[in-house]
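Chain by chain, the residues run as shown.
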Amino acid sequence: MNDRRATFRRDTRESQVEVTLDLDGTGQASVDTPNGMLNHLLEQLARHGLMDVSVTATGDLSPGWHHLVEDVGIVLGQTLHRALGEGKGITRMGHQVVPLDETLVMVALDLGGRPYAVVKAAFDGPTIGDLPSDLVRHFLEVFALEGRMNLHAQVLAGSNDHHRAEALFKALARALRTAVAVDPRTAGEVPSTKGTISE
């Protein structure tokens, strides 16, 4: 199997973000952003996706959390796209339904190179820990677009905002774990009749 690992750094006037992603890891996470809840959610992505994820992010927080959280989603998506390369042999699609106490979440995705995101996740409060709750949806959207995936994520049931957010990331992790897995029956082949999922 080719090395499915990538590092990408993005520096702007608003933020400085670097991500390293190993798709064939063991779920190790090294996450260092100024936002504790974002760190927690990214750790779930690594742990349940069995990906090794390293994220460092700093930036100008005077306008609020939007720019930093958005930029982490952008860089994570771009790093995923680079780690996949041509995507030869991958399962390509994955889905997962995840419960967390009273919460139930569904995520389905396709790494076929056609970016689209439909995220149906309402939250009752303005924040989840120190993370503005509307940024959970926005993070998933930009991650999907930059990762060139078709993502559908929906909270089916739940009353606790922390549980809703955490279950979304756990379901995303498990769906990605399935989608990036190499199927030995198609190893060496791009999983598309078009012959490419990377362009």
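Quick caveat: nothing in here was measured; it's all calculated off a predicted structure. (Residues numbered from 1 in each chain as written. Predicted model: local features only at pLDDT ≥ 70, side-chain atom pairs only at ≥ 80, totals over all residues. Heavy atoms only, no water.)

(A) Layout of the overall build of the protein chain. Looking only at helices and strands, the protein chain has four helices and ten strands in total. For 199 residues, the compact-globule estimate of 2.2 N^0.38 gives 16 Å, and the C-alpha radius of gyration of the protein chain, at 16 Å, lies within 12% of that figure. For the protein chain, the C-alpha atoms occupy an extent of roughly 45 × 40 × 30 Å along the three principal directions. Among the 199 residues that make up the protein chain, the fraction classed as buried is 51%. In the protein chain, of all internal contacts separated by at least 6 residues, the share reaching a separation of at least 24 is 77%. Here the protein chain displays about 9300 Å² of accessible surface, and carbon together with sulfur accounts for 46% of that area. (Helix = DSSP H or I, 4+ residues; strand = E, 2+ residues; numbered from the N terminus. Rg over C-alpha atoms; globule rule 2.2 N^0.38 Å. Buried < 20%, exposed > 50% of the residue type's maximum accessible area, 1.4 Å probe, protein only. Contact = heavy atoms within 4.5 Å. Areas by Shrake-Rupley, 256 points an atom, 1.4 Å probe, with all protein chains shown as cover.)

(B) Region of interest: the packing of aromatic side chains. For the structure on display, the rule yields two aromatic pairs. Measuring from ring centre to ring centre gives 6.3 Å for phenylalanine 139 and phenylalanine 143, while their planes differ by 20°; the resulting arrangement is stacked. One end of the pair, phenylalanine 139, and the other, phenylalanine 143, are both in helix α3 (residues 134-146), four residues apart, so they sit about a helical turn from each other. Taken as a pair, phenylalanine 139 and phenylalanine 143 share a single burial class, namely buried. Taken together, Phe139, Phe143 and Phe169 form an aromatic cluster joined through their ring pairs. Sitting over the face of the ring of phenylalanine 8, arginine 82 holds its NZ or CZ atom 4.0 Å from the ring centroid. (Phe/Tyr/Trp six-rings, centres within 6.5 Å; stacked < 30°, edge-to-face > 60°. Lys NZ or Arg CZ within 6 Å of the ring centre and 35° of its normal.)

(C) Inspection of the sheet that holds strand β4 (residues 52-59) at higher detail. The strand order across the open sheet built from four strands is β1-β2-β4-β3, with neighbouring strands paired in mixed fashion. This sheet does not close on itself; its edge strands, each paired only once, are β1 (5-11) and β3 (29-32). On average, each strand axis in the sheet is tilted by 5° relative to the strand beside it, whichever way the strands run. In this structure, β1 lies alongside strand β2 (residues 15-22), joined through seven bridges in antiparallel fashion. (Pairing = 2+ DSSP bridges. Axes fitted to C-alpha atoms, helices over the stretch in contact; angles between N-to-C directions.)

(D) Representation of the environment of aspartate 161 within the structure. Its place among the elements puts aspartate 161 in helix α4 (residues 161-180). Considered as a pair, aspartate 161 and threonine 127 are 34 residues apart in the sequence and their alpha carbons are 8.6 Å apart. Not counting residues within four places of it along the chain, the set of residues in contact with aspartate 161 comprises Phe123, Asp124, Gly125 and Ile128. In terms of polar contacts, aspartate 161 uses its side chain to reach the backbone amide nitrogen of glycine 125, at 2.8 Å. For aspartate 161, the side chain forms a polar contact with the side chain of arginine 164, separated by 2.7 Å. (Polar contact = N/O pair within 3.5 Å; in protein donor to acceptor, adjacent residues only side chain to side chain.)

Function cannot be read off these values alone, since they describe shape.
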